[in-house]
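# Structural features, examined
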Amino acid sequence: MNHYPSLLDMIAALIGIPSVSCVDPALDQGNLAVIELLAGWLEDSGFAVEVMPLDGQPARANLIATLGQGPDGLVLSGHTDTVPFDAGQWRHDPFRLVEADQRLYGLGTSDMKAFLALALEAVRTLQERDLAQPVILLATADEETSMAGARVLLEQGRPRARHAIIGEPTGLRPVRMHKGIFMEAIRLRGRSGHSSDPALGNSALEAMHRVITALLAWRAQLQARYHNACFAVPVPTLNLGHIHGGDNPNRICADCELHIDLRPLPGMDIAELRAELHRQVESTLQGTGIRCEFQALFEGIPALETPAGAEIVRLAERLTGHAPEAVAFGTEGPYLSALGMDTVILGPGDIAQAHQPDEYLALDRLQPTVELLQAVIKSVCVRH
Ligand SMILES: [Zn+2]
């Protein structure tokens, strides 16, 4: 225990291990070295540590570290991966922690490897005998891309606990709601032909025009039906993000492809929405001879809604002095909710600094975060 690193040493060590996750395989890295570092520190603190590998991906794993026993514990959770960085646009090396201007600079300071060090700092002096319910540190893989780590947790049904805090960057304000998201490709196949006679082909591009008209009408219906005033954009959104079709002005367009994203409000089920999307497109194309296929570009993250009256929400509200909010970004929260935890998103960074060059965490966020986590642990885990 004497060799236990200081908080700043822990943050520096976590930032110093590259763990970029990216849909581009050339930039994609595993997270196992970060997990092993955390596992060592947590073992030294008396936690029972389990490294949960992701199937068929030897460089990726989740970590579940538990101190104490019981069904009503508290999970402190963070993802160990970061987004890629804009080389050349950083003032400092993104993988070296630099303290300047009362800030800690580095990739993952705000989003969100530093939170894992802060959680460790908050739990390092805990003794198992003092705990009526367990404290569980959870570190996940691939949050920034596929949510593969969170999906594996859900498949395996672990960890089980009553409350969870995910330390994503919220400026130390509690968040209990966010929208979901999924992304879909719609591919239409018609028949090419000479443009001088429409009867020689079947235009996929004109069919896509009808599909887009139908999608915008469906969007208007969804926005009339679903409304949640907690969100800055209080309705579900559907964005037409990419389209490509055809090749030449004098050829009837045989293929056209559209990519959309859809962001549902809490209470809207992604599987049902996806099925409805498919029905809308298929009914528009009925009788046209145009073939259609769908591909999930992103399977999706469900929306999150933790009840305002949940103990962890009320506790976070009382301890931070801020009413719980709704945010526009997705998290692993819905997966922890599905595992039975009341989940609050609450972390020291700011979303404005996340995914940016010169990402930083203000130094004056460190101690309040440690104290906040210790107060939560005292309230829901420590024997009274
Ligand atoms: Zn994040």
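As a reminder, the structure under discussion sits directly above these lines.
What counts and how
Residues numbered from 1 in each chain as written. Predicted model: local features only at pLDDT ≥ 70, side-chain atom pairs only at ≥ 80, totals over all residues. Heavy atoms only, no water. Core = buried A, V, L, I, M, F, W, Y, C linked by side-chain atoms within 4.5 Å. Buried < 20%, exposed > 50% of the residue type's maximum accessible area, 1.4 Å probe, protein only. Helix = DSSP H or I, 4+ residues; strand = E, 2+ residues; numbered from the N terminus. Contact = heavy atoms within 4.5 Å. Pairing = 2+ DSSP bridges. Axes fitted to C-alpha atoms, helices over the stretch in contact; angles between N-to-C directions. Left-handed = near helix turned anticlockwise from the far one by under 90°. 1 Å grid on protein atoms, 1.4 Å probe; cavity = no way out; pocket = protein on both sides within 12 Å on 5 of 7 lines; lining within 4 Å. Points joined across faces, edges and corners; volume = space filled by probe spheres on them. Nonpolar A, V, L, I, M, F, W, Y, C, P; charged D, E, K, R; others polar. Salt bridge = Lys/Arg side-chain N within 4 Å of Asp/Glu carboxyl O. Parallel < 35°, antiparallel > 145°, perpendicular 65-115°, else oblique. Polar contact = N/O pair within 3.5 Å; in protein donor to acceptor, adjacent residues only side chain to side chain. Donors = N, O, S within 2.8 Å, 3.2 Å for Na, K, Ca; no water.

### Comments concerning the nonpolar core
- Ile11, Leu38, Leu74, Leu76, Leu137 and Ile165 are the most contacted members of the largest nonpolar core, which totals 55 residues.
- Among the secondary structure elements, those contributing two or more residues to this core are α1 (7-16), α2 (32-44), β2 (57-67), β3 (74-79), α3 (113-123), β6 (135-140), α7 (311-320) and α9 (366-380).
- Broken down by element, the residue count for this core peaks at nine residues, all from α3.
- If near-sequence neighbours (up to four positions away) are discounted, Leu38 is found in contact with Leu14, Leu63, Thr80, Leu116, Leu120 and Ala139.
- In this structure, Ile186, Leu215, Leu238 and Leu258 belong to the second largest nonpolar core, which totals 28 residues.

### Some details on the sheet that holds strand β16 (residues 360-362)
- The sheet built from three strands is open, its strands ordered β4-β5-β16 with antiparallel pairing. Either end of the sheet is taken by a strand with one partner, and the two such strands are β4 (98-100) and β16. If you compare each strand with its neighbour and ignore which way they point, the axes differ by 25° on average.
- In the sheet, strand β5 (residues 103-105) pairs with β16 via three bridges, with the strands oriented antiparallel. For Tyr105, the partnering residue across the bridge sits in β16 and is Tyr360.

### Concerning the packing of α1 against α3
- At a closest axis distance of 9 Å, the pairing of α1 and α3 adopts a crossing angle of 150°. Taken as a pair, α1 and α3 cross one another with a handedness that is right-handed. Contacts between α1 and α3 involve Leu7, Met10, Ile11, Leu14 and Ile15 from the former and Lys113, Ala114, Leu116, Ala117, Leu118, Leu120 and Glu121 from the latter.

### With respect to the layout of surface pockets
- The computed volume of the largest pocket comes to approximately 690 Å³.
- In terms of lining residues, the largest pocket is bounded by 26 residues, among which Glu144, Thr145, Ile181, Phe298 and Ile301 are the most central.
- Those elements that provide at least two residues to the lining of the largest pocket are β9 (181-189) and β12 (291-301).
- The element contributing the most residues to the lining of the largest pocket is β12, with five residues.
- Here the residues of the lining of the largest pocket are counted per class, giving 13 nonpolar, five polar and eight charged.

### Overview of the pattern of salt bridges
- What the rule picks out here adds up to 17 salt bridges.
- The closest approach of N and O atoms between Glu184 and Arg274, which form a salt bridge, is 2.8 Å. Here Glu184 is found in strand β9, whereas its partner Arg274 is found in helix α6 (residues 270-285), with 90 residues between them in sequence.
- The exposure class of Glu184 is buried, given its relative accessible area of 2%.
- Close ionic contact of Asp261 with Arg263 constitutes a salt bridge, the shortest N to O distance being 2.9 Å.
- Overall, Asp261 belongs to the buried group, its relative accessible area being 12%.
- A single network of salt bridges, built from pairs that share partners, joins Asp28, Arg60 and Asp142.

### Considering the packing of α3 against α9
- Interaxial distance between α3 and α9 falls to 9 Å at its minimum, and their mutual angle equals 55°. When the axis of α3 is compared with that of α9, the two are oblique. For the pair α3 and α9, the crossing hand works out as right-handed. Along its contact with α3, which presents Phe115, Leu118, Ala119, Glu121, Ala122 and Val123, the element α9 presents Leu366, Thr369, Val370, Leu373, Gln374 and Ile377.
- Counted by class, the contact of α3 with α9 contains nine nonpolar, two polar and one charged residues.

### A look at the side chain of Thr343
- Structurally, the position occupied by Thr343 is in strand β15 (residues 342-345).
- Since its relative accessible area comes to 0%, Thr343 is described here as buried.
- A distance of 3.2 Å separates the side chain of Thr343 from the backbone oxygen of Met341, its partner in a polar contact.
- When neighbours within four sequence positions are excluded, Thr343 is seen to be in contact with Ala164, Ile166, Val175, Leu304, Thr306, Gly333, Leu336 and Ser337.

### A short note on the environment of Leu126
- Position of Leu126 relative to the elements: it lies in the loop between α3 and β6.
- When its relative accessible area of 16% is taken as the criterion, Leu126 is described as buried.
- Sequence separation between Leu126 and Phe47 is 79 residues, and the spatial gap between their C-alpha atoms is 9.8 Å.
- Apart from the residues within four sequence positions on either side, Leu126 is in contact with Leu67, Leu131, Val135 and Ile377.

### A word on the coordination of the zinc ion
- The protein atoms that coordinate the zinc ion are His79 (NE2), Asp111 (OD) and Glu168 (OE), at distances of 1.8 to 2.1 Å.
- Here the donor residues of the zinc ion share one chain and are spaced in sequence as H-x31-D-x56-E. With His79 in strand β3 and Glu168 in the loop between β7 (163-166) and β8 (175-178), the pair connects residues that are 89 residues apart, well separated along the chain. Neither residue differs from the other here; His79 and Glu168 are each classed as buried.

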